[in-house]
Amino acid sequence: MLRVSNKNKLALKPVSLSALGILLAGAVIYYLSSPANEAEANFALKHKDAPVVALGEQVYAQNCASCHGVALEGQANWQKRDAGGYLPAPPHDETGHTWHHPDSYLFLMTKYGIEEMIGKSYPNNMPAYEDKLTDEEILAVLSYIKSTWSGRIQRQHDQINARAKAQ
Ligand code: HEC
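Residues numbered from 1 in each chain as written. Predicted model: local features only at pLDDT ≥ 70, side-chain atom pairs only at ≥ 80, totals over all residues.

A. Seen up close, the overall build of the chain. The number of helices and strands found in the chain is 8 helices and 0 strands. Within the span of the chain, comprising 167 residues, buried residues form 19% of the whole. (Helix = DSSP H or I, 4+ residues; strand = E, 2+ residues; numbered from the N terminus. Buried ≥ 20, exposed ≤ 12 C-beta atoms within 10 Å, placed from the backbone.)

Written out as C-alpha cells, the structure reads:
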C-alpha cells in the first residue's frame, strides 16, 4: 500500500514531472522501508562466509545458548509443554525443526518474535531481538546455525528457500 501525504497531493497540483518524480521516489522508499515488505527483502543466510559465521558463533554464545543449548541441542523434552503450558526451547541442530523454515521466516521470527510472525496471541518464551541485536547480528547468528548442519540438510534448506521465494 502506498501512503500519499497531503503535502505530496498538494505538490502534484501543478502537475510537473519533477513533483511526480519526487512522489514516486518517496513511495519507493516507503515501500522498501515498510516492515510488511521485509519478507521480500534478501535475507539469504551466509553460512559459507567465515567472518559472518564467526560473528554468529559469538552472538549465539551470548544470546541463544542459555536456552537453545551450547551445542544447539535445545532443552530437555522440548516437544512437551511445561506445567505452565509453555514449550521449552527446541534444538537448532538437525534434530529440531529450525531447518524446516526459510531464511525470511527465521530472520523475522528472531527479530520480531513468534506472535508477530503468526499474527495472533501465543504465549511463548522466545524473546524478540529487535532491540537487542542488529539485523547483521541476526543474519550472522542464523548463518552460524546453518553452518553447523550437514551438507545434506543445508541443501534441503536451500530447496525450502527456493520454494518459499517461488510462492
Ligand atoms: C529465554 C530462552 C530463549 C532464548 C535466550 C532464545 N530462544 Fe529461541 N526459542 C525459545 C523457545 C522457548 C522457543 C519455542 C517457542 C514456542 O514455539 O513456543 C524458541 C524458538 C526459536 C526459533 C523457532 C524454531 C522453530 O523450529 O520453529 C528460532 C529460529 C529461535 N528460537 C532462534 C533463537 C535465536 C537465534 C536466539 C538467540 C539470538 C534465541 N532463539 C534465543 C527460547 C529462547
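B. The arrangement of the packing of helix 5 (residues 103-112) against helix 7 (residues 135-147) in detail. Between helix 5 and helix 7, whose axes approach to 10 Å, the crossing angle comes to 125°. In terms of axis orientation, helix 5 runs oblique to helix 7. Here helix 5 and helix 7 pass one another in a crossing that is right-handed. Facing helix 5, whose interface residues are Leu106, Phe107, Thr110 and Lys111, helix 7 presents Ile138, Leu139 and Leu142. Taken together, the residues of the contact of helix 5 with helix 7 break down into 5 nonpolar, 1 polar and 1 charged. (Axes fitted to C-alpha atoms, helices over the stretch in contact; angles between N-to-C directions. Parallel < 35°, antiparallel > 145°, perpendicular 65-115°, else oblique. Left-handed = near helix turned anticlockwise from the far one by under 90°. Contact = placed C-beta atoms within 7 Å. Nonpolar A, V, L, I, M, F, W, Y, C, P; charged D, E, K, R; others polar.)

C. The nonpolar core, seen in detail. Within the largest apolar cluster, 19 residues are counted, with the highest numbers of intra-cluster contacts made by Phe107, Ile138, Leu139, Ala140, Val141, Leu142 and Tyr144. Take this core: its biggest share by element is 7 residues, from helix 7. Excluding its chain neighbours within four sequence positions, the residues that come into contact with Ala140 are Val52, Leu55, Gly56 and Val59. (Core = buried A, V, L, I, M, F, W, Y, C linked by C-beta atoms within 7 Å.)

D. The arrangement of the site of the ligand in detail. Neighbouring the ligand are 23 residues; Cys64, Cys67, Leu87, Asn124 and Met126 lie closest to it. Contributing elements (two or more residues each) for the shell around the ligand: helix 4 (65-68) and helix 5. Here the residues of the shell around the ligand sort into 13 nonpolar, 10 polar and no charged. (Near = placed C-beta within 6 Å.)

E. The packing of helix 3 (residues 50-63) against helix 7, seen in detail. Contact geometry of helix 3 with helix 7 gives a least axis separation of 7 Å together with a crossing angle of 100°. When the axis of helix 3 is compared with that of helix 7, the two are roughly perpendicular. For the pair helix 3 and helix 7, contact is made by Val52, Val53, Leu55, Gly56, Glu57, Val59 and Tyr60 and by Glu137, Ala140, Val141, Ser143, Tyr144 and Ser147, respectively. Counted by class, the contact of helix 3 with helix 7 contains 8 nonpolar, 3 polar and 2 charged residues.

F. Just the confidence of the model for the chain, in detail. Scored by pLDDT, the chain comes out at a mean of 86, with 75% of its residues at no less than 70. Counting contacts from residues 4-13, a segment whose pLDDT is below 50, to residues more than four positions away or on other chains yields 8 contacts. (pLDDT = per-residue confidence, 0-100.)

G. The environment of Lys48, seen in detail. As for its position among the elements, Lys48 is in the loop between helix 2 (17-33) and helix 3. For the pair formed by Lys48 and Ser147, sequence separation is 99 residues and the distance between their alpha carbons is 6.8 Å.

H. Region of interest: helix 7. In this model, helix 7 (13 residues) spans 18 Å end to end at C-alpha, consistent with the 18 Å of a helix rising 1.5 Å per residue. For helix 7, the set of buried residues is Ile138, Leu139, Ala140, Val141, Leu142, Ser143, Tyr144, Ile145 and Lys146. The inward-facing, buried residues of helix 7 abut helix 3, helix 5 and helix 8 (151-166). (Expected span 1.5 Å × (residues − 1).)

I. Summary view of helix 3. The end-to-end C-alpha distance of helix 3, which contains 14 residues, comes to 20 Å, matching closely the 20 Å that a straight helix rising 1.5 Å per residue would cover. Residues of helix 3 that are buried sit in contact with helix 4 and helix 7.

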